[in-house]
Amino acid sequence: MQARALSGAEGVDQMAVAYADLMDQLVDLWRFPKLKLPARPENYEARTDVLTKWVVAPASRGQL
C-alpha cells in the first residue's frame, strides 16, 4: 500500500482487489485439479456484489 500511495478505506478496497487478483493468478498456476463453482463470478467486484446480495437477502431466498 505504501508503494502505491494508498491509504484509508479506498486504499484498503484497492488492496483487497489486488490481493484477490493475485490469489486468482496463483490458483491458476496450481498444477493439481481444482474445483471452480459455476456460480462464482470471475472478478472481485462481481463476487462482492453477489455475496452482498446474499447476505442482505431474507433467509427464505438467501442462496447463491
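Residues numbered from 1 in each chain as written. Predicted model: local features only at pLDDT ≥ 70, side-chain atom pairs only at ≥ 80, totals over all residues. Heavy atoms only, no water.

Helices and strands together make up the secondary structure of the protein chain, namely two helices and zero strands. Summed over all atoms, the accessible surface of the protein chain reaches about 5,700 Å², with 61% contributed by carbon and sulfur. (Helix = DSSP H or I, 4+ residues; strand = E, 2+ residues; numbered from the N terminus. Areas by Shrake-Rupley, 256 points an atom, 1.4 Å probe, with all protein chains shown as cover.)

Two elements in contact, helix H1 (residues 8–29) and helix H2 (residues 44–56), have axes separated by 10 Å at closest approach and are oriented at 105°. Classified by the interaxial angle, the pair formed by H1 and H2 is roughly perpendicular. On the side of H1, the interface is formed by Asp13, Ala16, Val17, Ala20 and Asp24, while H2 contributes Tyr44, Glu45 and Arg47. Classifying every residue of the contact of H1 with H2 gives four nonpolar, no polar and four charged. (Axes fitted to C-alpha atoms, helices over the stretch in contact; angles between N-to-C directions. Parallel < 35°, antiparallel > 145°, perpendicular 65-115°, else oblique. Contact = heavy atoms within 4.5 Å. Nonpolar A, V, L, I, M, F, W, Y, C, P; charged D, E, K, R; others polar.)

A contiguous nonpolar surface patch, about 420 Å² in accessible area, is contributed by Leu51, Trp54, Val55 and Val56. Within the secondary structure layout, Trp54 lies in helix H2. For Trp54, a relative accessible area of 40% corresponds to the partly exposed category. (Patch = residues over 30% accessible without salt bridge, like charges linked within 9 Å, V, L, I, M, F, W, Y side chains within 5 Å. Salt bridge = Lys/Arg side-chain N within 4 Å of Asp/Glu carboxyl O. Buried < 20%, exposed > 50% of the residue type's maximum accessible area, 1.4 Å probe, protein only.)

Without other data, these values stay purely geometric and don't point to any function.
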